[in-house]
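Chain by chain, the residues run as shown.
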Amino acid sequence: MSSNKTINIAISTPSGIYYETEASIATFTTTEGQIGLMHQALPFLAALIPSRIIIKELNNQNKVFYIDRGIVEFKNNLLSLIVNHIDIKPFDLETKILKKNDTKYTVIEELVLKKKIAQQKK
């Protein structure tokens, strides 16, 4: 497959970059439903829900990740996913949430707080 028909994918967590690759298609689930993205798709921003991300790499192998929640943006053939938790195996979200330290914010909560602070500084 020609590299001009691919998308770049970057998956980040609060700890930093988790995974980067070039792929032909990526599918994931947002609050609006399941989405499959390919080269030259329309730009968008959405919230991710607990689900599975499937990335079809250039070698035609599927890479599968499981996430709890986060945000996704697609622009200029770059798919950026920012997630709270990601693993290659399914995980029990209820156990993870119960173990979570209450003083930590989720990615979305942190973004909302940063936006409010930035607006107050203006």
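Counting restarts for each chain, with residues numbered from 1 along the sequence as it is written. A pLDDT threshold of at least 70 governs which residues receive local features in this predicted model, and a stricter bar of 80 or more applies before side-chain atom pairs are shown or counted, although totals over entire chains, interfaces and linings include all residues. The basis for the side-chain values is all heavy atoms of the structure; hydrogens and waters are excluded.

Going by the annotation in an unreviewed UniProt entry, the name recorded for the protein is ATP synthase epsilon chain, with Metamycoplasma gateae given as the source organism. Here is the UniProt Subunit (unreviewed entry) comment for the protein, exactly as written: "F-type ATPases have 2 components, CF(1) - the catalytic core - and CF(0) - the membrane proton channel. CF(1) has five subunits: alpha(3), beta(3), gamma(1), delta(1), epsilon(1). CF(0) has three main subunits: a, b and c." According to the UniProt record, the Sequence similarities (unreviewed entry) comment for the protein reads "Belongs to the ATPase epsilon chain family." UniProt positions are given in the numbering used here, feature names are shortened, and annotations may be inferred rather than shown by experiment.

Before going further, it helps to examine the environment of Glu20. Each helix is a run of DSSP H or I of at least 4 residues and each strand a run of E of at least 2, with the numbering of both proceeding from the N terminus. Note that Glu20 resides in strand E2 (residues 16-30). Sequence separation of Glu20 and Ala10 is ten residues, and the distance between their C-alpha atoms is 4.5 Å. Apart from residues no more than four positions distant in its own chain, Glu20 is found in contact with Ile9 and Ala10. Note on contacts: a residue pair is in contact if any heavy atoms of the two residues lie within 4.5 Å.

To continue, consider the nonpolar core. As a rule of thumb, nonpolar side chains are buried together in soluble globular proteins. Nonpolar core, defined: a set of buried Ala, Val, Leu, Ile, Met, Phe, Trp, Tyr and Cys residues in which side-chain atoms within 4.5 Å join the residues together. With a 1.4 Å probe rolled over the protein chains alone, any residue whose accessible area is under 20% of its type maximum counts as buried; one over 50% counts as exposed, and the rest are partly exposed. Counting residues in each nonpolar core, the largest one holds 20 residues, and the members touching the most others are Ile9, Ile11, Ile55, Leu79 and Leu81. Not counting the four nearest positions on each side in its chain, Leu79 is found in contact with Ile7, Asn8, Ile9, Ala10, Ala26, Phe28, Leu37, Val72, Glu73 and Phe74.

Take the side chain of Glu57 next. Positionally, Glu57 belongs in strand E5 (residues 51-57). Residues scored as charged are limited to Lys and Arg (positive) and Asp and Glu (negative), so that His and the chain ends carry no count. The rule for a salt bridge is simple: a side-chain nitrogen of Lys or Arg has to be within 4 Å of a carboxyl oxygen of Asp or Glu. Despite being buried, Glu57 has no salt bridge partner; Lys63 is the closest side chain of opposite charge, sitting 5.7 Å away. Residues within four places of Glu57 in sequence aside, it is in contact with Tyr19, Thr21, Glu22, Ala23, Ser24 and Lys63.

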